[in-house]
Amino acid sequence: LFRKLPGVGTITVVIAKEYRDMFDEIVKEDDRIGFADPGKERQDSVFSGLQQVPSSAPLVCIHDAARPLVTVEEVNNVIRDANEHGAAVLAVPMKATVKESEDGSFVLKTIERSRLWEIHTPQVIRPDLLKKGFEKV
């Protein structure tokens, strides 16, 4: 999907070395594609990928394989919003009923879901903002 979007200058796939050969054909076709090593936690993998982003990149799109059905329209909307605000995420209204419990055995209350949103990817942000965030953790 990102290969077809206008303005995408670099695509970094964060994946273990033993799986990179699955991308051989695509890499031959598109020299924008590179790799980064995954980390122990998701934030470590994002940081690793961020190191491959050129300093001239106005935005970084973080997308994971757990959400393969994102549409071009959704991605374009998140990019548009990130251009305007510096960062944006794809989100959908929460459908599940969420309960609050102190001990996992008894329900204290049902959380009002009309104010809750599930965060999906891509998550789009200016690289400098993301780097500042990493400096704080």
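As a reminder, the structure under discussion sits directly above these lines.
Residues numbered from 1 in each chain as written. Predicted model: local features only at pLDDT ≥ 70, side-chain atom pairs only at ≥ 80, totals over all residues. Heavy atoms only, no water.

Visitor: A description of the environment of glutamate 25 should follow, citing residues and the corresponding values.
Guide: Looking at where glutamate 25 falls in the secondary structure, it is placed in helix H1 (residues 24-29). Classification of glutamate 25 as exposed rests on a relative accessible area of 52%. When the C-alpha positions of glutamate 25 and arginine 126 are compared, they lie 30 Å apart, and in sequence the two are 101 residues distant. (Helix = DSSP H or I, 4+ residues; strand = E, 2+ residues; numbered from the N terminus. Buried < 20%, exposed > 50% of the residue type's maximum accessible area, 1.4 Å probe, protein only.)

Visitor: Go over the side chain of serine 48 with me, naming the residues and quoting the values.
Guide: Mapped onto the elements of the fold, serine 48 is located in helix H2 (residues 42-50). A distance of 2.7 Å separates the side chain of serine 48 from the backbone oxygen of aspartate 37, its partner in a polar contact. In contact with serine 48, not counting residues within four places along its chain, are Ala36 and Asp37. (Polar contact = N/O pair within 3.5 Å; in protein donor to acceptor, adjacent residues only side chain to side chain. Contact = heavy atoms within 4.5 Å.)

Visitor: Talk me through the pattern of salt bridges; I want residue IDs and the actual numbers.
Guide: Applying the stated criterion to the full structure yields 11 salt bridges. One salt bridge in this structure joins arginine 32 and aspartate 30, with 2.7 Å as the shortest N-O distance. Across the salt bridge formed by aspartate 64 and arginine 67, the nearest N and O atoms sit 3.0 Å from each other. Among the charged side chains, a network of salt bridges with common partners joins Arg3, Glu29, Asp30 and Arg32. (Salt bridge = Lys/Arg side-chain N within 4 Å of Asp/Glu carboxyl O.)

Visitor: Could you give an account of the packing of H2 against helix H4 (residues 127-136), naming the residues involved and the relevant values?
Guide: Relative placement of two packed helices is described by the angle separating their axes and the distance separating the axes. Running from N to C, H2 and H4 point in directions that differ by 135 degrees, and their axes come no closer than 11 Å. One element, H2, and the other, H4, form an angle in the oblique class. Two packed elements cross with a definite hand, and for H2 against H4 that hand is left-handed. The segment H2 lies against H4, with Gln43, Val46, Phe47 and Leu50 engaging Leu130, Lys131 and Phe134. (Axes fitted to C-alpha atoms, helices over the stretch in contact; angles between N-to-C directions. Parallel < 35°, antiparallel > 145°, perpendicular 65-115°, else oblique. Left-handed = near helix turned anticlockwise from the far one by under 90°.)

Visitor: Quick rundown of the packing of aromatic side chains? Include the residues and the values.
Guide: Following the criterion strictly, the structure yields 2 aromatic pairs and no others. Between phenylalanine 23 and phenylalanine 35 the ring centres are 5.9 Å apart and the planes differ by 70 degrees, which places this aromatic pair in the edge-to-face class. Of the two residues, phenylalanine 23 is situated in the loop between strand S1 (11-14) and H1 and phenylalanine 35 in strand S2 (residues 33-36); the sequence distance between them amounts to 12 residues. Centroid distance phenylalanine 47 to phenylalanine 134: 5.1 Å. Interplanar angle 65 degrees. Geometry classified as edge-to-face. One end of the pair, phenylalanine 47, is in helix H2; the other, phenylalanine 134, is in helix H4, and 87 residues separate them in sequence. For phenylalanine 47, a relative accessible area of 39% translates into the label partly exposed. (Phe/Tyr/Trp six-rings, centres within 6.5 Å; stacked < 30°, edge-to-face > 60°.)

So far we have only geometry, and geometry alone does not tell us how the molecule works.
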